[in-house]
Amino acid sequence: METLKAQKKESKKEKAIRITGAEAIIHCLLAEGVDLIYGYPGGAIMPVYDELYKFQDKLTHILTRHEQGATHAAQGYARVTGKVGVAMATSGPGATNLVTGIADAQIDSTPMVCITGQVPRQLLGSDAFQETDIVGISTPVTKWNYQITKVEEIPEIMAKAFYIARSGRPGPVLIDITKNAQFDELDFVYEKCTAVRSYKPVPKPEPSSIEKAAEIINEAKKPMIVFGQGVILGEAEAELKAFVEKSGIPAAWTILGLSAMDTDHPLNVGMVGMHGNYAPNMLTNECDLLIAIGMRFDDRVTGDLNTYAKQAKIIHFEIDPAEINKNVKVDVAVLGNAKETLEMILPLVDKKEHKEWKAEFDKLHQIEYDTLIEKDIHPTKEGLTMGEVMEQINIASGQKAVIVSDVGQHQMIACRYAKFKQSKSNITSGGLGTMGFGLPAAIGAKMGAMDREVVAIIGDGGYQMTIQELGVIFQHNVPVKIVVLNNDHLGMVRQWQELFFDKRYASTVMTNPDFVKIAEGYHIKSRRVTERADLKEAVEEMIASKDPYFLEVKVEKEDNVFPMIPSGASVSDIRLK
């Protein structure tokens, strides 16, 4: 055994090349298949940028206009491709500006590796210029983080970072590298990480749990599925469809689960949650079995936990053991990757059609359609609605576009009315609800899927949080389409103020600039629509364009989003108006 170890060590030594830590970082990225990085240079990370300059033919760096934009762009890229997104920044404010995007990636399970520069090892703890404890700051919002202070650590830590970021339930990893480690030299050899001691990213499914779950499913008279992003992350879309079609069970989705299943599938019954569809929310408290697949029972989905699905047995398909019984007590936990566990349970599930139960969903959907949906997408009132804009985008794009939404009323409208035929098509900030996410995430999504149409749906408030990223679109001619639904308000907050604070519109009215002129300043083709007669043609022109395009649509100021479950209320308390 010792002889074998010695031979391996000698073999590694023969393969080694003598390089600096900064160059080693580049070689690590290339070895992991990285071809695109978003970032912003500065003093503490400058050695890596200097090496990056020499590798421009192999590794593209996109200079965002703010470090937060770099993380959101990396998220958009990761979400549309399934690969690990990479963002890079300098120490101090550069590193702290990454934190919002890192936190967003953590709660939405997005694989991302962030690399930050740090002051030299000998200056750590001295309050040196642009020194911050980014490892301490980011610990609560990363899947793993590490500070490299010695050049010899770089290959192993970088390999570990990518493995942890992409394996199991994905998430963001931050690697902080002191400047001395970037300048110093090492004998570089890279080996990909395939395992980490005590870290078991994918639990092994238990056959007994699969069998018990199948037994309960086959006995159920009113079963319902709620699927989340775990289906997409686990690449289990085909298995979900097979399971739904064989079992005949109506299936609803969380906003991050949207697009895992065709929106026009006959057993797709819509979105659950605060602004979800009427039928799946109401019938959550009438089903006798709730099957959760790759979702985490977020409070926006469950409402009041004291009244959530108390009459139902609950089966939870989940890759992360920490999510089991965290919010909702379950009867059967099926641990593992959804692709594997759904494949295992499929032969044990009886072929059924729950026609009478499905008819209940159809009946409630018709009530919602007559009360709300028809008026949203085919309004007769004078002002333009957000819903009719989304409907025109569906038609013009043939339901094939990637829709990237920011956060607010427009986000809920986009998730309610966007139509999809392909997975990884709905990209939004779910758990953190980050305003400013939409524009940079759309840039990353387009760069990750140049063959697909990418449309950003953004409100006038969130747009101005990262509007500077128009500079990236201009500099790199990224043919993303931007739609700003402008109601001159922070719309979602204004809606709450109208409904729950006696219309006291405190700090939600916005005096906005001329968005068209700003876009034109970045040499982006632009147009503003204020009349319904112009909407269809403007959307068609935008979708047909081969270049970046900005479209502002002036929508009604008090165009509220319904249905709505008041905060803390039961899902059965969903309001249609």
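To be clear, the structure that these remarks concern was listed above.
In this text, all values refer to a predicted model and were calculated from it rather than measured experimentally.

Caption draft 1: Quick look at the environment of Asp-488. Along the chain, the position of Asp-488 falls in the loop between strand S18 (481–486) and helix H22 (491–500). We classify Asp-488 as buried; its relative accessible area is 15%. Remark: the alpha-carbon pair of Asp-488 and Gly-459, spanning 29 residues in sequence, is separated by 9.0 Å. Sequence-distant contacts of Asp-488, that is, excluding residues within four places in its chain, are made with Asp-460, Thr-508, Val-509, Met-510, Asn-512, Lys-554 and Lys-557.

Caption draft 2: Up close: the sheet that holds strand S14 (residues 332–335). With parallel pairing, 6 strands are arranged side by side in an open sheet as S11-S10-S9-S12-S13-S14. This sheet does not close on itself; its edge strands, each paired only once, are strand S11 (268–271) and S14. When strand polarity is set aside, the average angle formed by the axes of neighbouring strands in this sheet is 20°. Bridge count between strand S9 (residues 223–227) and strand S12 (residues 289–293): 5 bridges; the pairing is parallel. Residue pairing in the sheet places Met-224 in a bridge with Leu-290 of S12.

Caption draft 3: Local environment of the side chain of Asp-320. Within the secondary structure, Asp-320 sits in the loop between strand S13 (313–318) and S14. Polar contacts involving the side chain of Asp-320 include one to the side chain of Arg-169, which spans 2.9 Å. A distance of 3.0 Å separates the side chain of Asp-320 from the backbone nitrogen of Ala-322, its partner in a polar contact.

Caption draft 4: Structural view of the packing of helix H16 (residues 355–377) against helix H18 (residues 409–417). Axis separation between H16 and H18 bottoms out at 12 Å; the angle between their running directions is 110°. With respect to each other, H16 and H18 are oriented roughly perpendicular. In this structure, H16 meets H18 at a crossing whose hand is left-handed. Contact with H16, carried on its side by Glu-368, Ile-373, Asp-376 and Ile-377, involves Ile-413, Arg-416 and Tyr-417 of H18 and no other residues of that element. Taken together, the residues of the contact of H16 with H18 sort by class into 4 nonpolar, no polar and 3 charged.

Caption draft 5: Looking closely at unusual backbone geometry. Note that the residue after Phe-562, namely Pro-563, is joined by a cis bond; omega there is 0°. Non-glycine residue Ala-309 carries a positive phi angle of around 50°. By the element assignment, Ala-309 lies in the loop between helix H14 (299–302) and S13. For Ala-309, a relative accessible area of 2% gives the class buried. In this structure, Asp-502 is a non-glycine residue whose phi angle is positive, near 50°. Inspection of the secondary structure puts Asp-502 in the loop between H22 and helix H23 (515–521). A residue is classified by how much of its surface remains accessible, and Asp-502, at 62% relative accessible area, is exposed.

The rules we used
Residues numbered from 1 in each chain as written. Predicted model: local features only at pLDDT ≥ 70, side-chain atom pairs only at ≥ 80, totals over all residues. Heavy atoms only, no water. Helix = DSSP H or I, 4+ residues; strand = E, 2+ residues; numbered from the N terminus. Buried < 20%, exposed > 50% of the residue type's maximum accessible area, 1.4 Å probe, protein only. Contact = heavy atoms within 4.5 Å. Pairing = 2+ DSSP bridges. Axes fitted to C-alpha atoms, helices over the stretch in contact; angles between N-to-C directions. Polar contact = N/O pair within 3.5 Å; in protein donor to acceptor, adjacent residues only side chain to side chain. Parallel < 35°, antiparallel > 145°, perpendicular 65-115°, else oblique. Left-handed = near helix turned anticlockwise from the far one by under 90°. Nonpolar A, V, L, I, M, F, W, Y, C, P; charged D, E, K, R; others polar.

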